[in-house]
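Below, each chain spelled out in residue letters.
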Amino acid sequence: MLTISGTGCALMDYLYADTRLDSPTFLKYRSREAGDGGLEPGKLVFVEDLERFANAMVQHDTARESRQPVAMATPSDQRPFDLILRELNGGRAPDHANLGGPSIVALIHAAQMLEGNDARVRFFGARGNDATGDEIARRAAGAPLDMSGCVVLDGPTPFTRVFSDPTFDRGHGERTFVNELGVAAQFGPEQLPNRFFDADIVAFGGTALVPRIHERLGALCERAKRGGSIVVVNTVFDFKSEARIAASERTGRERTRGGWRWPLGADDGTYRHIDLLVVDREEALKLSGARDTSAALAFFRAMGAGAAVVTDGARDIRFYSNGGLFAPIDSGALPVSAEVARVLRSATRPPGDTTGCGDNFVGGLLSAVAAQLGAGAPRGKLDMVEACSDAIVAGGFACFYLGGTYFEAVPGEKRRRMDPLQKLYRAQRGRL
(Lines give C-alpha, C1' and ligand atoms only; values in the text may rest on other atoms or scores of the structure.)
Protein backbone atom coordinates (compact mmCIF):
# COMPACT_ATOMS: atom_id res chain seq x y z
CA MET A 1 0.00 0.00 0.00
CA LEU A 2 1.29 3.45 -0.92
CA THR A 3 1.21 5.82 2.06
CA ILE A 4 1.21 9.62 2.31
CA SER A 5 1.89 11.21 5.71
CA GLY A 6 1.32 14.91 6.18
CA THR A 7 1.72 17.47 8.93
CA GLY A 8 1.34 21.21 9.22
CA CYS A 9 -1.56 23.61 9.33
CA ALA A 10 -5.11 22.40 10.04
CA LEU A 11 -7.81 24.72 11.33
CA MET A 12 -11.36 25.93 10.94
CA ASP A 13 -11.93 28.58 8.28
CA TYR A 14 -14.74 31.06 8.89
CA LEU A 15 -15.48 32.66 5.54
CA TYR A 16 -17.08 36.04 4.95
CA ALA A 17 -17.98 36.21 1.27
CA ASP A 18 -18.36 39.40 -0.78
CA THR A 19 -16.18 41.50 1.51
CA ARG A 20 -14.85 44.45 -0.46
CA LEU A 21 -11.13 44.76 0.13
CA ASP A 22 -11.29 48.39 -1.00
CA SER A 23 -14.06 49.38 1.44
CA PRO A 24 -13.46 52.20 3.96
CA THR A 25 -13.58 49.70 6.84
CA PHE A 26 -11.01 47.40 5.29
CA LEU A 27 -8.78 50.34 4.41
CA LYS A 28 -8.99 51.51 8.02
CA TYR A 29 -7.17 48.33 9.08
CA ARG A 30 -5.00 47.98 6.01
CA SER A 31 -1.24 47.71 6.53
CA ARG A 32 0.71 50.97 6.33
CA GLU A 33 4.11 49.28 5.99
CA ALA A 34 5.40 45.73 5.67
CA GLY A 35 5.04 43.59 8.78
CA ASP A 36 3.13 46.14 10.86
CA GLY A 37 0.23 43.77 11.59
CA GLY A 38 -2.35 45.38 9.31
CA LEU A 39 -4.52 43.59 6.77
CA GLU A 40 -3.22 42.96 3.25
CA PRO A 41 -5.03 41.37 0.26
CA GLY A 42 -3.77 37.84 -0.26
CA LYS A 43 -1.83 37.76 3.01
CA LEU A 44 -2.23 36.44 6.52
CA VAL A 45 -1.86 38.26 9.81
CA PHE A 46 -2.16 36.94 13.35
CA VAL A 47 -4.95 38.08 15.65
CA GLU A 48 -2.56 39.48 18.27
CA ASP A 49 -0.61 41.46 15.65
CA LEU A 50 -3.79 42.93 14.15
CA GLU A 51 -4.90 43.94 17.65
CA ARG A 52 -1.58 45.72 18.26
CA PHE A 53 -1.83 47.41 14.85
CA ALA A 54 -5.39 48.60 15.49
CA ASN A 55 -4.48 49.93 18.94
CA ALA A 56 -1.49 51.77 17.50
CA MET A 57 -3.75 53.37 14.89
CA VAL A 58 -6.20 54.48 17.59
CA GLN A 59 -3.35 55.95 19.63
CA HIS A 60 -1.92 57.70 16.60
CA ASP A 61 -5.25 59.20 15.54
CA THR A 62 -6.13 60.25 19.08
CA ALA A 63 -2.71 61.75 19.71
CA ARG A 64 -2.98 63.68 16.47
CA GLU A 65 -6.34 65.12 17.52
CA SER A 66 -5.85 65.60 21.29
CA ARG A 67 -2.22 64.70 21.84
CA GLN A 68 -3.33 62.17 24.48
CA PRO A 69 -2.83 58.45 23.61
CA VAL A 70 -5.88 56.27 24.26
CA ALA A 71 -6.09 52.47 24.03
CA MET A 72 -8.79 50.83 21.98
CA ALA A 73 -11.90 50.56 24.15
CA THR A 74 -13.57 47.15 24.26
CA PRO A 75 -15.85 45.44 26.80
CA SER A 76 -13.88 43.65 29.52
CA ASP A 77 -15.01 40.20 28.35
CA GLN A 78 -13.97 40.76 24.74
CA ARG A 79 -10.67 40.99 22.85
CA PRO A 80 -10.03 44.00 20.63
CA PHE A 81 -10.32 41.59 17.69
CA ASP A 82 -14.03 41.15 18.48
CA LEU A 83 -14.58 44.85 17.76
CA ILE A 84 -12.44 44.71 14.61
CA LEU A 85 -14.36 41.68 13.39
CA ARG A 86 -17.73 43.39 13.95
CA GLU A 87 -16.54 46.36 11.90
CA LEU A 88 -15.23 44.19 9.07
CA ASN A 89 -18.24 41.89 8.78
CA GLY A 90 -21.00 44.29 9.83
CA GLY A 91 -21.92 42.07 12.75
CA ARG A 92 -23.04 39.19 10.53
CA ALA A 93 -22.27 35.55 11.07
CA PRO A 94 -19.82 33.81 8.73
CA ASP A 95 -21.30 32.85 5.38
CA HIS A 96 -19.54 29.53 5.57
CA ALA A 97 -17.42 27.50 7.96
CA ASN A 98 -15.13 24.84 6.59
CA LEU A 99 -12.15 22.69 7.43
CA GLY A 100 -9.07 24.55 6.24
CA GLY A 101 -5.29 24.75 6.36
CA PRO A 102 -2.53 24.16 3.78
CA SER A 103 -1.77 20.67 5.10
CA ILE A 104 -5.11 19.05 5.80
CA VAL A 105 -6.91 20.48 2.74
CA ALA A 106 -4.20 19.18 0.41
CA LEU A 107 -4.27 15.77 2.10
CA ILE A 108 -8.05 15.48 1.88
CA HIS A 109 -7.98 16.26 -1.84
CA ALA A 110 -5.25 13.66 -2.38
CA ALA A 111 -7.24 11.09 -0.39
CA GLN A 112 -10.37 11.78 -2.45
CA MET A 113 -8.49 11.42 -5.73
CA LEU A 114 -6.79 8.19 -4.60
CA GLU A 115 -9.85 6.55 -3.05
CA GLY A 116 -10.36 3.11 -4.52
CA ASN A 117 -6.62 2.72 -5.13
CA ASP A 118 -4.22 0.89 -2.86
CA ALA A 119 -3.29 4.06 -1.00
CA ARG A 120 -3.61 5.58 2.45
CA VAL A 121 -3.38 9.28 3.38
CA ARG A 122 -2.71 10.29 7.01
CA PHE A 123 -2.69 13.61 8.86
CA PHE A 124 -0.56 14.27 11.95
CA GLY A 125 -1.25 17.49 13.83
CA ALA A 126 -3.12 19.04 16.74
CA ARG A 127 -6.53 20.40 17.66
CA GLY A 128 -7.75 21.98 20.87
CA ASN A 129 -10.07 20.56 23.49
CA ASP A 130 -12.92 22.87 22.55
CA ALA A 131 -16.03 22.93 20.40
CA THR A 132 -14.04 24.06 17.34
CA GLY A 133 -11.73 21.07 17.76
CA ASP A 134 -14.73 18.76 17.96
CA GLU A 135 -16.03 20.34 14.76
CA ILE A 136 -12.74 19.68 12.97
CA ALA A 137 -12.89 16.03 14.04
CA ARG A 138 -16.54 15.73 12.92
CA ARG A 139 -15.90 17.25 9.52
CA ALA A 140 -12.69 15.31 8.90
CA ALA A 141 -14.58 12.10 9.63
CA GLY A 142 -16.53 12.77 6.42
CA ALA A 143 -13.36 12.53 4.31
CA PRO A 144 -11.28 9.45 3.44
CA LEU A 145 -8.40 10.72 5.60
CA ASP A 146 -6.73 8.87 8.48
CA MET A 147 -6.84 11.30 11.44
CA SER A 148 -5.44 8.93 14.05
CA GLY A 149 -2.27 11.04 14.23
CA CYS A 150 -4.13 14.20 15.24
CA VAL A 151 -3.61 14.81 18.97
CA VAL A 152 -5.85 16.81 21.31
CA LEU A 153 -4.03 19.49 23.31
CA ASP A 154 -5.22 21.76 26.09
CA GLY A 155 -6.08 25.11 24.53
CA PRO A 156 -8.00 26.74 21.67
CA THR A 157 -8.17 25.16 18.23
CA PRO A 158 -6.54 27.22 15.46
CA PHE A 159 -8.91 29.21 13.27
CA THR A 160 -8.73 31.67 10.40
CA ARG A 161 -11.21 34.38 9.54
CA VAL A 162 -11.22 34.63 5.75
CA PHE A 163 -12.48 37.80 4.07
CA SER A 164 -13.15 37.09 0.40
CA ASP A 165 -13.65 39.62 -2.39
CA PRO A 166 -14.62 37.95 -5.72
CA THR A 167 -14.36 41.32 -7.54
CA PHE A 168 -10.70 41.84 -6.68
CA ASP A 169 -7.97 41.59 -9.35
CA ARG A 170 -10.40 42.24 -12.22
CA GLY A 171 -12.78 39.53 -11.11
CA HIS A 172 -10.20 36.83 -10.34
CA GLY A 173 -10.86 37.28 -6.63
CA GLU A 174 -8.68 37.56 -3.55
CA ARG A 175 -8.80 36.87 0.18
CA THR A 176 -7.34 38.23 3.38
CA PHE A 177 -6.70 35.95 6.37
CA VAL A 178 -6.60 36.62 10.10
CA ASN A 179 -5.23 33.63 12.02
CA GLU A 180 -5.31 32.46 15.62
CA LEU A 181 -2.48 29.96 16.21
CA GLY A 182 -4.04 28.33 19.26
CA VAL A 183 -2.58 24.90 20.07
CA ALA A 184 -0.63 24.90 16.79
CA ALA A 185 1.94 26.89 18.75
CA GLN A 186 2.43 23.88 21.07
CA PHE A 187 2.69 21.11 18.48
CA GLY A 188 6.29 20.04 17.86
CA PRO A 189 8.56 17.35 16.43
CA GLU A 190 8.36 15.21 19.57
CA GLN A 191 4.66 14.65 18.79
CA LEU A 192 5.42 13.13 15.38
CA PRO A 193 5.65 9.35 15.94
CA ASN A 194 7.94 7.03 14.04
CA ARG A 195 5.04 5.89 11.88
CA PHE A 196 4.77 9.43 10.48
CA PHE A 197 8.08 8.86 8.70
CA ASP A 198 7.12 5.35 7.58
CA ALA A 199 5.57 6.59 4.34
CA ASP A 200 6.25 6.73 0.61
CA ILE A 201 5.52 10.47 0.59
CA VAL A 202 5.99 12.82 3.57
CA ALA A 203 4.35 16.23 3.13
CA PHE A 204 4.86 19.39 5.19
CA GLY A 205 2.15 21.97 4.57
CA GLY A 206 2.03 25.58 5.76
CA THR A 207 4.41 24.96 8.66
CA ALA A 208 4.92 28.70 9.26
CA LEU A 209 1.56 28.38 11.06
CA VAL A 210 2.99 25.58 13.24
CA PRO A 211 6.13 27.37 14.48
CA ARG A 212 7.89 24.55 16.34
CA ILE A 213 7.61 22.25 13.29
CA HIS A 214 8.75 25.10 11.02
CA GLU A 215 11.87 25.77 13.08
CA ARG A 216 12.93 22.11 12.78
CA LEU A 217 11.77 21.65 9.20
CA GLY A 218 15.25 20.90 7.86
CA ALA A 219 15.89 18.12 10.38
CA LEU A 220 12.44 16.63 9.77
CA CYS A 221 12.87 16.69 5.99
CA GLU A 222 16.31 15.12 6.35
CA ARG A 223 14.96 12.30 8.50
CA ALA A 224 12.16 11.58 6.02
CA LYS A 225 14.55 11.67 3.07
CA ARG A 226 17.05 9.45 4.85
CA GLY A 227 14.28 6.91 5.40
CA GLY A 228 13.56 6.76 1.67
CA SER A 229 10.45 8.96 1.59
CA ILE A 230 9.66 11.52 -1.09
CA VAL A 231 9.59 14.90 0.67
CA VAL A 232 7.07 17.54 -0.41
CA VAL A 233 6.95 21.02 1.16
CA ASN A 234 4.34 23.68 0.43
CA THR A 235 4.60 27.06 2.11
CA VAL A 236 2.30 29.76 3.40
CA PHE A 237 2.89 33.48 3.94
CA ASP A 238 5.36 33.67 6.84
CA PHE A 239 4.07 36.70 8.69
CA LYS A 240 6.32 36.19 11.71
CA SER A 241 9.45 36.32 9.55
CA GLU A 242 8.04 39.24 7.60
CA ALA A 243 7.39 41.15 10.82
CA ARG A 244 10.92 40.44 12.13
CA ILE A 245 12.50 41.64 8.90
CA ALA A 246 10.34 44.77 8.81
CA ALA A 247 11.27 45.55 12.41
CA SER A 248 14.97 45.17 11.57
CA GLU A 249 14.57 47.55 8.63
CA ARG A 250 12.75 50.13 10.75
CA THR A 251 15.27 50.05 13.59
CA GLY A 252 18.33 49.85 11.35
CA ARG A 253 19.55 46.65 12.96
CA GLU A 254 21.89 44.38 11.04
CA ARG A 255 20.33 41.99 8.61
CA THR A 256 19.44 38.56 9.90
CA ARG A 257 21.18 35.47 8.52
CA GLY A 258 20.28 35.21 4.86
CA GLY A 259 19.75 38.95 4.49
CA TRP A 260 16.08 39.88 4.22
CA ARG A 261 15.02 36.38 3.16
CA TRP A 262 12.50 34.29 5.06
CA PRO A 263 14.15 31.23 6.66
CA LEU A 264 12.91 27.75 5.77
CA GLY A 265 13.89 25.71 8.79
CA ALA A 266 17.13 26.35 10.68
CA ASP A 267 19.20 27.14 7.58
CA ASP A 268 19.35 26.86 3.80
CA GLY A 269 20.34 23.21 4.13
CA THR A 270 16.62 22.43 4.35
CA TYR A 271 16.25 22.79 0.57
CA ARG A 272 18.51 19.90 -0.32
CA HIS A 273 16.21 17.50 1.56
CA ILE A 274 13.13 18.58 -0.44
CA ASP A 275 12.08 16.61 -3.52
CA LEU A 276 9.23 18.95 -4.45
CA LEU A 277 8.78 22.53 -3.23
CA VAL A 278 5.50 24.35 -3.94
CA VAL A 279 5.25 28.11 -3.34
CA ASP A 280 3.29 31.04 -4.67
CA ARG A 281 5.10 33.91 -6.36
CA GLU A 282 5.30 36.17 -3.33
CA GLU A 283 6.51 33.35 -1.10
CA ALA A 284 9.11 32.44 -3.75
CA LEU A 285 10.49 35.97 -3.79
CA LYS A 286 10.50 36.28 0.00
CA LEU A 287 12.23 32.92 0.49
CA SER A 288 14.84 33.51 -2.20
CA GLY A 289 15.42 37.24 -1.97
CA ALA A 290 15.03 37.30 -5.77
CA ARG A 291 13.28 39.97 -7.81
CA ASP A 292 11.46 37.69 -10.24
CA THR A 293 10.21 34.13 -10.56
CA SER A 294 13.04 32.96 -12.83
CA ALA A 295 15.65 34.07 -10.31
CA ALA A 296 13.68 32.49 -7.46
CA LEU A 297 13.57 29.15 -9.27
CA ALA A 298 17.30 29.42 -9.94
CA PHE A 299 17.84 29.99 -6.21
CA PHE A 300 15.81 26.91 -5.24
CA ARG A 301 17.75 24.84 -7.76
CA ALA A 302 21.08 26.14 -6.46
CA MET A 303 20.03 25.34 -2.87
CA GLY A 304 19.37 21.74 -3.90
CA ALA A 305 15.57 21.44 -4.08
CA GLY A 306 14.89 18.56 -6.48
CA ALA A 307 11.92 20.25 -8.16
CA ALA A 308 9.96 23.43 -7.54
CA VAL A 309 6.65 24.91 -8.69
CA VAL A 310 5.73 28.58 -8.40
CA THR A 311 2.05 29.52 -8.71
CA ASP A 312 0.89 33.04 -9.48
CA GLY A 313 -2.86 33.34 -9.03
CA ALA A 314 -4.58 33.42 -12.41
CA ARG A 315 -1.26 33.62 -14.25
CA ASP A 316 0.99 30.82 -15.56
CA ILE A 317 2.72 28.47 -13.15
CA ARG A 318 6.49 28.03 -13.54
CA PHE A 319 8.56 24.98 -12.61
CA TYR A 320 11.72 22.92 -13.03
CA SER A 321 12.92 19.41 -12.20
CA ASN A 322 16.51 18.25 -11.75
CA GLY A 323 15.58 14.63 -12.41
CA GLY A 324 15.47 13.27 -8.87
CA LEU A 325 11.71 12.70 -8.77
CA PHE A 326 10.34 13.88 -12.11
CA ALA A 327 12.08 13.55 -15.44
CA PRO A 328 14.47 16.52 -15.93
CA ILE A 329 12.93 19.82 -17.04
CA ASP A 330 15.18 22.85 -17.20
CA SER A 331 12.32 25.33 -17.25
CA GLY A 332 8.59 24.84 -17.74
CA ALA A 333 5.38 26.86 -17.69
CA LEU A 334 1.68 26.06 -17.88
CA PRO A 335 -1.37 28.34 -18.01
CA VAL A 336 -4.36 28.10 -15.70
CA SER A 337 -7.52 26.40 -16.93
CA ALA A 338 -9.28 28.45 -19.61
CA GLU A 339 -12.55 26.69 -18.80
CA VAL A 340 -12.34 27.64 -15.13
CA ALA A 341 -11.59 31.23 -16.13
CA ARG A 342 -14.57 31.21 -18.53
CA VAL A 343 -16.96 29.95 -15.86
CA LEU A 344 -15.74 32.50 -13.34
CA ARG A 345 -16.41 35.31 -15.84
CA SER A 346 -19.86 34.00 -16.78
CA ALA A 347 -23.26 35.09 -15.52
CA THR A 348 -23.74 31.58 -14.11
CA ARG A 349 -20.63 31.78 -11.93
CA PRO A 350 -21.07 29.34 -9.00
CA PRO A 351 -21.15 30.77 -5.46
CA GLY A 352 -17.54 29.86 -4.73
CA ASP A 353 -14.36 31.68 -3.79
CA THR A 354 -10.60 31.31 -4.11
CA THR A 355 -10.05 29.99 -0.58
CA GLY A 356 -8.06 26.76 -0.74
CA CYS A 357 -7.05 27.01 -4.39
CA GLY A 358 -3.37 26.73 -3.56
CA ASP A 359 -3.97 23.96 -1.03
CA ASN A 360 -5.95 21.90 -3.52
CA PHE A 361 -3.24 22.57 -6.12
CA VAL A 362 -0.79 20.86 -3.75
CA GLY A 363 -3.26 18.05 -3.18
CA GLY A 364 -3.40 17.56 -6.94
CA LEU A 365 0.37 17.22 -7.05
CA LEU A 366 0.39 14.75 -4.16
CA SER A 367 -2.26 12.53 -5.71
CA ALA A 368 -0.63 12.71 -9.16
CA VAL A 369 2.77 11.69 -7.77
CA ALA A 370 1.16 8.85 -5.84
CA ALA A 371 -0.85 7.70 -8.87
CA GLN A 372 2.21 7.70 -11.13
CA LEU A 373 4.22 5.76 -8.55
CA GLY A 374 1.34 3.33 -8.15
CA ALA A 375 1.25 2.82 -11.91
CA GLY A 376 4.89 1.76 -11.84
CA ALA A 377 6.71 4.95 -12.90
CA PRO A 378 10.17 4.99 -11.27
CA ARG A 379 11.57 7.97 -9.40
CA GLY A 380 13.38 10.24 -11.80
CA LYS A 381 10.92 9.40 -14.58
CA LEU A 382 7.64 10.84 -13.28
CA ASP A 383 5.84 13.24 -15.65
CA MET A 384 5.89 16.71 -14.09
CA VAL A 385 3.71 18.30 -16.78
CA GLU A 386 0.96 15.73 -16.16
CA ALA A 387 1.24 16.19 -12.39
CA CYS A 388 1.05 19.98 -12.72
CA SER A 389 -1.95 19.63 -15.05
CA ASP A 390 -3.81 17.68 -12.38
CA ALA A 391 -2.83 20.31 -9.83
CA ILE A 392 -4.02 23.21 -12.00
CA VAL A 393 -7.45 21.65 -12.42
CA ALA A 394 -7.67 20.83 -8.71
CA GLY A 395 -6.83 24.42 -7.80
CA GLY A 396 -9.27 25.80 -10.35
CA PHE A 397 -12.12 23.55 -9.23
CA ALA A 398 -11.75 24.96 -5.71
CA CYS A 399 -13.17 28.24 -7.06
CA PHE A 400 -16.51 26.51 -7.63
CA TYR A 401 -17.42 26.05 -3.95
CA LEU A 402 -16.99 27.96 -0.69
CA GLY A 403 -13.99 27.13 1.48
CA GLY A 404 -10.98 24.92 0.89
CA THR A 405 -12.39 21.45 1.55
CA TYR A 406 -14.91 19.77 -0.74
CA PHE A 407 -16.98 17.19 1.14
CA GLU A 408 -18.36 14.44 -1.06
CA ALA A 409 -21.89 13.07 -0.80
CA VAL A 410 -20.58 9.77 -2.17
CA PRO A 411 -17.02 8.49 -2.70
CA GLY A 412 -15.56 9.55 -6.02
CA GLU A 413 -17.94 12.52 -6.46
CA LYS A 414 -15.22 15.15 -6.61
CA ARG A 415 -13.15 13.15 -9.10
CA ARG A 416 -16.19 12.68 -11.36
CA ARG A 417 -17.00 16.40 -11.23
CA MET A 418 -13.43 17.28 -12.11
CA ASP A 419 -13.13 14.82 -15.02
CA PRO A 420 -14.66 17.17 -17.64
CA LEU A 421 -12.31 19.96 -16.54
CA GLN A 422 -9.35 17.58 -16.81
CA LYS A 423 -10.30 16.65 -20.39
CA LEU A 424 -10.79 20.28 -21.39
CA TYR A 425 -7.48 21.27 -19.84
CA ARG A 426 -5.57 18.55 -21.67
CA ALA A 427 -7.20 19.73 -24.91
CA GLN A 428 -6.14 23.30 -24.05
CA ARG A 429 -2.60 22.10 -23.34
CA GLY A 430 -2.50 20.30 -26.66
CA ARG A 431 -3.23 23.57 -28.48
CA LEU A 432 -0.30 25.41 -26.89
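Residues numbered from 1 in each chain as written. Predicted model: local features only at pLDDT ≥ 70, side-chain atom pairs only at ≥ 80, totals over all residues. Heavy atoms only, no water.

## Points about the sheet that holds strand β2 (residues 11–16)
Pairing is mixed in the open sheet, where five strands are placed in the order β3-β8-β7-β2-β4. Bordering the open sheet on either side are β3 (44–46) and β4 (96–100), each of which pairs with just one other strand. Adjacent strand axes in the sheet meet at a mean angle of 25° when their direction is disregarded. Alignment of β2 against strand β7 (residues 159–165), held across five bridges, turns out to be parallel. The residue of β7 that forms the bridge with M12 is F159. Lying on the sheet, helix α5 (residues 131–140) is in contact with β2 and β4; it crosses β2 at an angle near 95°. (Pairing = 2+ DSSP bridges. Helix = DSSP H or I, 4+ residues; strand = E, 2+ residues; numbered from the N terminus. Axes fitted to C-alpha atoms, helices over the stretch in contact; angles between N-to-C directions. Contact = heavy atoms within 4.5 Å.)

## Examining the packing of aromatic side chains
Taken as a whole, this structure holds 14 aromatic pairs when the rule is applied. Between the aromatic rings of F397 and F400, the centroid separation amounts to 6.0 Å while the plane-to-plane angle is 70°, which identifies the pairing as edge-to-face. The exposure class assigned to F397 is buried, which follows from its relative accessible area of 2%. In this structure F400 comes out as buried when scored by relative accessible area, which is 14%. Grouping aromatic residues by their ring pairs yields a cluster made of F124, F196, F197 and F204. Looking at R161, its charged tip hangs above the ring of F159, at a distance of 5.3 Å from the centre. Sitting above the plane of the F46 ring, K240 keeps its charged end 4.8 Å from the centroid. (Phe/Tyr/Trp six-rings, centres within 6.5 Å; stacked < 30°, edge-to-face > 60°. Buried < 20%, exposed > 50% of the residue type's maximum accessible area, 1.4 Å probe, protein only. Lys NZ or Arg CZ within 6 Å of the ring centre and 35° of its normal.)

Just distances and angles here, no functional claims.
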